[in-house]
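Survey of secondary and tertiary structure
Residues per chain, in single letters:
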Amino acid sequence: MVDNRLLPKLSQNLLEILEEEEYYDITIEVGNDPNVKIFHAHMVILNYRSPYLRRILSTNKKKNDGTLMSIKLPNFLPEIFHIILKYIYGGKLSFEEYDISDIIKILTTANELGLQELTPFIETFLVKSKKDLIEQNFDLIYRISFENNSFLELQKYCNNIISKEPNKIFNSPRFSSIPEKLLITIIQNDNLQMSEVQVWKHVIKWGLVQNPELSSDPKNYSEEDFNALKNTLQRCIPFIRFHNLTSKEFSRNIIPYKEILPKELYENLLNDFLDNNYKPINKSKPRIFEEIKEKSSKKIDSKIITFQHTVLISKWIDRLEITDWVKGLYEFKLLYRNESGVKEDFHKFCDNQPGTVTIVKLKDSNEIIGGYNPIEWKNTNNYGVTKDSFIFSFKDSYGIEDHILSRVKDETKAIYNGNNGPSFGESDLRIYYYNFTILIGCSKVSYEKPITGARPNIEILEVFKIERG
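Rules and cut-offs
- Residues numbered from 1 in each chain as written.
- Predicted model: local features only at pLDDT ≥ 70, side-chain atom pairs only at ≥ 80, totals over all residues.
- Heavy atoms only, no water.
- Helix = DSSP H or I, 4+ residues; strand = E, 2+ residues; numbered from the N terminus.
- Buried < 20%, exposed > 50% of the residue type's maximum accessible area, 1.4 Å probe, protein only.
- Contact = heavy atoms within 4.5 Å.
- Areas by Shrake-Rupley, 256 points an atom, 1.4 Å probe, with all protein chains shown as cover.
- Salt bridge = Lys/Arg side-chain N within 4 Å of Asp/Glu carboxyl O.
- Pairing = 2+ DSSP bridges.
- Axes fitted to C-alpha atoms, helices over the stretch in contact; angles between N-to-C directions.
- Polar contact = N/O pair within 3.5 Å; in protein donor to acceptor, adjacent residues only side chain to side chain.
- Phe/Tyr/Trp six-rings, centres within 6.5 Å; stacked < 30°, edge-to-face > 60°.
- Lys NZ or Arg CZ within 6 Å of the ring centre and 35° of its normal.
- Parallel < 35°, antiparallel > 145°, perpendicular 65-115°, else oblique.
- Left-handed = near helix turned anticlockwise from the far one by under 90°.
- Nonpolar A, V, L, I, M, F, W, Y, C, P; charged D, E, K, R; others polar.
- pLDDT = per-residue confidence, 0-100.
- Core = buried A, V, L, I, M, F, W, Y, C linked by side-chain atoms within 4.5 Å.
- Domains from an automatic or database assignment.

As annotated in an unreviewed UniProt entry, the protein carries the name BTB domain-containing protein and is attributed to Rhizophagus clarus.

Here it is in structure tokens:
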């Protein structure tokens, strides 16, 4: 019979041994001057708990004259090593008192010391309990996770984020300082939610920062300038999917930098883009924007959203990942539009219509917000119940890169069937009338997250009936 209730006492006794000033047989000098600290420890415990320390101890044989063994670990921070040392003895570690930078230092130190059970434990803790902190420090976490191939769970999590929200790293103030290897990892990503021309622009931006003497305008470059930029980007260029560009994008963004491309590559690209009958064949899975570009011949009767918005909303309706390829999209059929800013009878046009998408253009802003209601609108002053509704926002009406998706959390209050406009949750997206003026309120209650921080006024309101095309 195994009773884990006995383990806390063992853990406590081992920590007491660590803190005792007797019986230790090794001193460990950790850190570099002036941040140096001496720790007392016990070789038998270190030997069996850490492969890294076992190797060091094996090369520093204990003398038989009673002299204490002493080792130096200049590459570790004393305060972090102390945390790890207490874990080595007591088998317990609480992260609540540490900030994200300390947790990352603990992670990298544990990995270097060969504490194989601790590394995935910390990764899981970060991914499950500290998602907000990961996003706030994304460029740091991304870099750390790919500098060490041991952090597979963090790598997977970061890859998922970078696919959906590449601007988290591309727009980071520290983007220009990321290593070349990391940049290549990013631009190799098949699922990157970014147009190829934007990928190219970010690669050029990174290259220019590595060569601060270069102008941002290639018209002013000498042959030596082009060679400098070419040498910097030569390992990145093979991963740019030039055939995913339009002819206009190629002309405006690639031709000015033609001198940095291999001559044969440039000549082949030029011939292809000048051939009116040329149809690009992508051997790898296209990035999401290429899917939108391929299907963008369809039109939508909207003064707010474009076809690319409907592609993403369709995926959300079907609970697909943003990077999933869809064979059939929903058709958005306009039921109602209000651009007067005054009270109109929304229910007259939209009641008893299951499956609608509400779209709102905010006044004096490029921001779009909206919601999906899979059930019918009613004028009954009660809540509609569904687990499939969601609300969303796009920060820029011209693109879909910067967005927020918020699914319903309290399905008993998913839809509010009031006598005003279409509303979601208790107040998560509430459209109402005051003195015959149409207004909007957004405050997180019944859905996962807030979709806007603004106190918005409505410029245009549209409601669409969606049907599988």
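A closer look at the overall build of the protein
Helix and strand counts for the protein come out as 18 helices and 14 strands. Looking at the protein as a whole, 46% of its 469 residues qualify as buried. In the protein, the proportion of contacts linking residues at least 24 apart, taken out of those at least 6 apart, comes to 66%. Carbon and sulfur atoms make up 48% of the accessible area of the protein, which amounts to about 24500 Å² in all.

A short note on the pattern of salt bridges
Overall, the coordinates contain 13 salt bridges when judged by the stated rule. Close ionic contact of Arg337 with Asp301 constitutes a salt bridge, the shortest N to O distance being 3.3 Å. Of this pair, Arg337 sits in strand E4 (residues 330-338) while Asp301 sits in the loop between helix H16 (288-295) and helix H17 (307-317), placing them 36 residues apart in sequence. Under the relative-accessibility criterion, Asp301 is labelled partly exposed at 47%. When the shortest N-O distance is used, the salt bridge between Glu462 and Arg337 registers 2.9 Å. Placement of Glu462 in strand E14 (residues 458-468) and of Arg337 in strand E4 is noted, with a sequence separation of 125 residues between them. A residue is classified by how much of its surface remains accessible, and Glu462, at 0% relative accessible area, is buried. The structure contains a network of salt bridges with shared partners spanning Asp301, Arg337 and Glu462.

With respect to the sheet that holds strand E6 (residues 368-373)
With antiparallel pairing, the six strands of this open sheet are ordered in space as E4-E14-E5-E6-E8-E9. Unpaired on one side and paired on the other, E4 and strand E9 (403-407) mark the two borders of the sheet. The mean angle between the axes of side-by-side strands here comes to 20°, regardless of whether they run parallel or antiparallel. Alignment of E4 against E14, held across eight bridges, turns out to be antiparallel. Following the sheet pairing, Arg337 is matched in E14 by Glu462. Across the face of the sheet, H17 comes into contact with E4, strand E5 (356-362), E6, strand E8 (390-394), E9 and E14 while running at roughly 155° to E8.

Considerations on the side chain of Ser446
Tracing the chain through its elements places Ser446 in the loop between strand E13 (437-441) and E14. In this structure the side chain of Ser446 is engaged in a polar contact, spanning 3.1 Å, whose partner is the backbone nitrogen of Glu426.

Details of the packing of aromatic side chains
Inspection of every chain in the model, using the stated rule, returns 24 aromatic pairs. Ring geometry for Trp316 and Phe394: centres 5.8 Å apart, planes at 15°, overall stacked. One end of the pair, Trp316, is in helix H17; the other, Phe394, is in strand E8, and 78 residues separate them in sequence. Given a relative accessible area of 5%, Trp316 falls into the buried group. Grouping aromatic residues by their ring pairs yields a cluster made of Trp316, Tyr372, Phe390, Phe392 and Phe394. Sitting above the plane of the Tyr87 ring, Arg49 keeps its charged end 5.2 Å from the centroid.

Side note on the packing of helix H5 (residues 100-112) against helix H6 (residues 118-129)
At a minimum axis separation of 9 Å, H5 and H6 run at an interaxial angle of 155°. What the angle tells us is that H5 and H6 run roughly antiparallel. Crossing geometry of H5 relative to H6 is assigned as left-handed. Of the residues in H6, those touching H5 at Ile100, Ile103, Ile104, Ile106, Leu107, Ala110 and Asn111 are Leu118, Thr119, Ile122, Glu123, Phe125 and Leu126. Of the residues in the contact of H5 with H6, the class split is ten nonpolar, two polar and one charged.

What about the sheet that holds strand E10 (residues 415-417)?
Taking strand neighbours across the sheet as the criterion, the three strands line up as E7-E10-E11 in an open arrangement whose pairing is antiparallel. Both outer strands of the open sheet, strand E7 (382-384) and strand E11 (423-424), are each paired with one neighbouring strand and no more. Alignment of E7 against E10, held across three bridges, turns out to be antiparallel. For Asn382, the partnering residue across the bridge sits in E10 and is Asn417.

So, the confidence of the model for the protein
In the predicted model, the protein carries a mean pLDDT of 85, and 90% of its residues have values of at least 70. This model gives residues 281-286 a pLDDT under 50, and the stretch forms nine contacts once residues within four places in sequence are excluded.

Describing the nonpolar core
Ranked by size, the top nonpolar core spans 89 residues in total, and within it Ile28, Leu46 and Ile260 carry the most contacts. The dominant element in this core, judged by the number of residues it contributes, is helix H4 (residues 78-90), at eight residues. In terms of domain composition, this core takes at least three residues from each of domain 1 (6-129) and domain 2 (182-274). When neighbours within four sequence positions are excluded, Leu46 is seen to be in contact with Ile26, Ile28, Ala41, Leu53, Leu57, Leu85, Ile88 and Tyr89.

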